[in-house]
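# Survey of secondary and tertiary structure
Residue-level listing of the chains:
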Amino acid sequence: MQELIRQLLAELGEDPSREGLVDTPKRVEKAYKFLTSGYDADIDRVLNNALFTVDYSEMVIVKDIDFYSLCEHHLLPFFGKCQVAYIPSTRVIGLSKIPRLVDVFARRLQVQERLTNQIADTIRDKIAPLGVAVVMEATHLCMSMRGVEKQNSFAVTSAMHGAFRDNARTRMEFLELIKLRSAVPGVREPAGYACVGEE
Ligand SMILES: [Zn+2]
């Protein structure tokens, strides 16, 4: 990877051997390996021993999980907050594992819609809850840094299963509890595609 980064620097018109850039390929490789470390993560190991059987069927919410990801169209960051809720059937996930789960999928090349779905689908598959909802709000640097369509640089996506999809009251309760700072998204209705169909 380091040789590729050196070539990239040269292609950009830089001198890869100048002092400030000499160690850049090494640093970039390290950064990219970390930022894409989600590919190597094993979900079952991440959730290792953190699935518990409970007699509890109220909504569990983990709010304002910070996440950082890379858009697969431009390899530029998109980042923001993730809201996760589910209603247990017989099992729960240890609360601290939810942000870890978000990281596993965020640390890959992503589009926000797929990232949102992967988190929701994994929770559904691992604990079969009565419902699961994930809402993500993010700023996309590929849009804001390039000065294109500023109004679309902030995107909201949601994925809802079970009670959150079927029961309007449950969905409203969740949306009220997380108090989005942007428009309330509908069920599986992407509020804004951040970088789709462009050059
Ligand atoms: Zn992009």
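Residues numbered from 1 in each chain as written. Predicted model: local features only at pLDDT ≥ 70, side-chain atom pairs only at ≥ 80, totals over all residues. Heavy atoms only, no water.

One full turn of an α-helix is made of 3.6 residues, so residues set three or four places apart face in the same direction. Most of helix α4 (residues 97–106) sits inside the fold, with seven of its ten residues counted as buried. Looking at α4, one finds that the buried residues are Ile-98, Leu-101, Val-102, Asp-103, Val-104, Phe-105 and Ala-106. (Buried < 20%, exposed > 50% of the residue type's maximum accessible area, 1.4 Å probe, protein only. Helix = DSSP H or I, 4+ residues; strand = E, 2+ residues; numbered from the N terminus.)

This next bit is on the pattern of salt bridges. In the structure shown here, the tally under the stated rule is nine salt bridges. Lys-33 serves as the salt-bridge partner of Glu-29, at 3.4 Å between the closest nitrogen and oxygen. With Glu-29 and Lys-33 both in helix α2 (residues 24–35) and four residues apart, the pair spans about one turn of that helix. Measuring nitrogen to oxygen at the nearest pair gives 2.8 Å for the salt bridge that ties Asp-66 to Lys-81. Of this pair, Asp-66 sits in strand β2 (residues 60–71) while Lys-81 sits in strand β3 (residues 77–87), and the two are 15 residues apart along the sequence. Look at Lys-81 and you get partly exposed, because its relative accessible area is 31%. Through salt bridges with shared partners, a single ionic network connects Asp-121, Arg-124 and Asp-125. (Salt bridge = Lys/Arg side-chain N within 4 Å of Asp/Glu carboxyl O.)

By size, the foremost hydrophobic cluster in this structure holds 32 residues, and its most contacted members are Phe-67, Cys-82, Tyr-86, Ile-119 and Ile-123. The set of elements that each furnish at least two residues to this core consists of α3 (43–46), β2, β3, β4 (91–93), α4, α5 (112–127), β6 (131–140) and α6 (141–144). Looking at which element gives the most residues to this core, the answer is α4, with six residues. Counting residues in hydrophobic clusters, the runner-up holds twelve residues, among them Val-135, Met-160, Ala-163 and Phe-164. (Core = buried A, V, L, I, M, F, W, Y, C linked by side-chain atoms within 4.5 Å.)

Another point: helix α8 (residues 168–178). Among the residues of α8, Thr-170, Arg-171, Phe-174, Leu-175 and Ile-178 are the ones counted as buried. Buried positions in α8, seen along its axis, are confined to an arc of 130° and lie on one side of it. Exposed residues on α8 whose side chains face more than 90 degrees from its buried face are Arg-169 and Met-172. On its buried side, α8 packs onto β2, β3, β6, β7 (154–162) and α7 (163–166). The N-cap of α8, judged by a side-chain oxygen 2.9 Å from the amide nitrogen of Arg-169 a few residues on, is Asn-167. (Arc of directions from axis to C-beta. Contact = heavy atoms within 4.5 Å. Polar contact = N/O pair within 3.5 Å; in protein donor to acceptor, adjacent residues only side chain to side chain.)

Turning our eyes to something else, we now look at the side chain of Thr-116. Structurally, Thr-116 can be placed in helix α5. One polar contact links Thr-116 to Thr-157, side chain to side chain, over a distance of 2.7 Å. Each residue touching Thr-116, except ones within four places of it in the same chain, is listed here: Val-134, Met-136, Thr-157, Ser-158 and Ala-159.

With that out of the way, let us pick up the packing of α4 against α5. Where α4 meets α5, the closest approach of the two axes is 9 Å, and the angle between their N-to-C directions is 135°. With respect to α5, the axis of α4 lies oblique. Crossing of α4 against α5: the hand is right-handed. Judged by residue contacts, Ile-98, Leu-101, Val-102, Phe-105 and Ala-106 of α4 engage Leu-115, Gln-118, Ile-119, Thr-122 and Ile-123 from α5. Counted by class, the contact of α4 with α5 contains eight nonpolar, two polar and no charged residues. (Axes fitted to C-alpha atoms, helices over the stretch in contact; angles between N-to-C directions. Parallel < 35°, antiparallel > 145°, perpendicular 65-115°, else oblique. Left-handed = near helix turned anticlockwise from the far one by under 90°. Nonpolar A, V, L, I, M, F, W, Y, C, P; charged D, E, K, R; others polar.)

Everything listed here is a matter of coordinates, which is why it stays silent on function.
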